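A structural walkthrough
Residue strings, one per chain:
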Amino acid sequence: MSSEFNELLQSPRGDLPQIWVVGSREQVIHIINEFYVKKVITDRSQFSPLIPAPLAPGQYMTLLMR
């Protein structure tokens with residue numbers, strides 16, 4: 001990995017586990033909803049807002065920090 005990408009991975013909240021979801025807008029929304037239905041998360045707002053994925057043109061990403 002490049003050092004630029006490693007800087008993006010650094011978390012100001014310490015060593016909390018992270019789940020990154022990258023895919024089409026529909027795929028990412030589906031995964032968020034699936035996590036909610038399966039009670040992995042208690043609220044959809046636990047995911048970060050959808051943003052365009054910096055390393056995957058045409059893809060979106062979200063982040064869940066547990």
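See the structure printed just above.
Note that the coordinates shown come from a computational prediction; the quantities given were computed from them, not determined experimentally.

Another aspect to go through is the overall build of the chain. Along the backbone of the chain there are two helices and three strands. Per-residue burial for the chain yields a buried fraction of 20% across its 66 residues. A sequence separation of at least 24 residues applies to 47% of the contacts in the chain between residues at least 6 apart. Total accessible area on the chain is roughly 5,000 Å²; 57% of this is exposed by carbon and sulfur atoms.

Here Thr62 is to be found in strand β3 (residues 60–65). Side-chain polar atoms of Thr62 contact the backbone oxygen of Ser48, separated by 2.6 Å. In this structure, Thr62 is in contact with Ile19, Trp20, Val21, Val28, Ile32, Phe47, Ser48, Pro49 and Leu50, ignoring residues within four places of it in sequence.

Look at helix α2 (residues 25–37): 18 Å from first C-alpha to last across 13 residues, which is about the 18 Å you get at 1.5 Å a residue. Those residues of α2 lying buried are Val28, Ile32 and Phe35. Along the long axis of α2, the arc covered by the buried residues comes to 65°, so they all point the same way. Away from its buried face by more than 90 degrees, α2 exposes Glu26 and Val37. Here the buried face of α2 lies against β1 (18–23) and β3.

Looking now at the pattern of salt bridges. Going through the model one piece at a time under the given rule, you end up with one salt bridge. A salt bridge links Glu34 to Lys38; its shortest N-O distance comes to 3.0 Å. With relative accessibility at 57%, the residue Lys38 sits in the exposed group.

Basis of the calculations
- Residues numbered from 1 in each chain as written.
- Predicted model: local features only at pLDDT ≥ 70, side-chain atom pairs only at ≥ 80, totals over all residues.
- Heavy atoms only, no water.
- Helix = DSSP H or I, 4+ residues; strand = E, 2+ residues; numbered from the N terminus.
- Buried < 20%, exposed > 50% of the residue type's maximum accessible area, 1.4 Å probe, protein only.
- Contact = heavy atoms within 4.5 Å.
- Areas by Shrake-Rupley, 256 points an atom, 1.4 Å probe, with all protein chains shown as cover.
- Polar contact = N/O pair within 3.5 Å; in protein donor to acceptor, adjacent residues only side chain to side chain.
- Expected span 1.5 Å × (residues − 1).
- Arc of directions from axis to C-beta.
- Salt bridge = Lys/Arg side-chain N within 4 Å of Asp/Glu carboxyl O.

Just distances and angles here, no functional claims.
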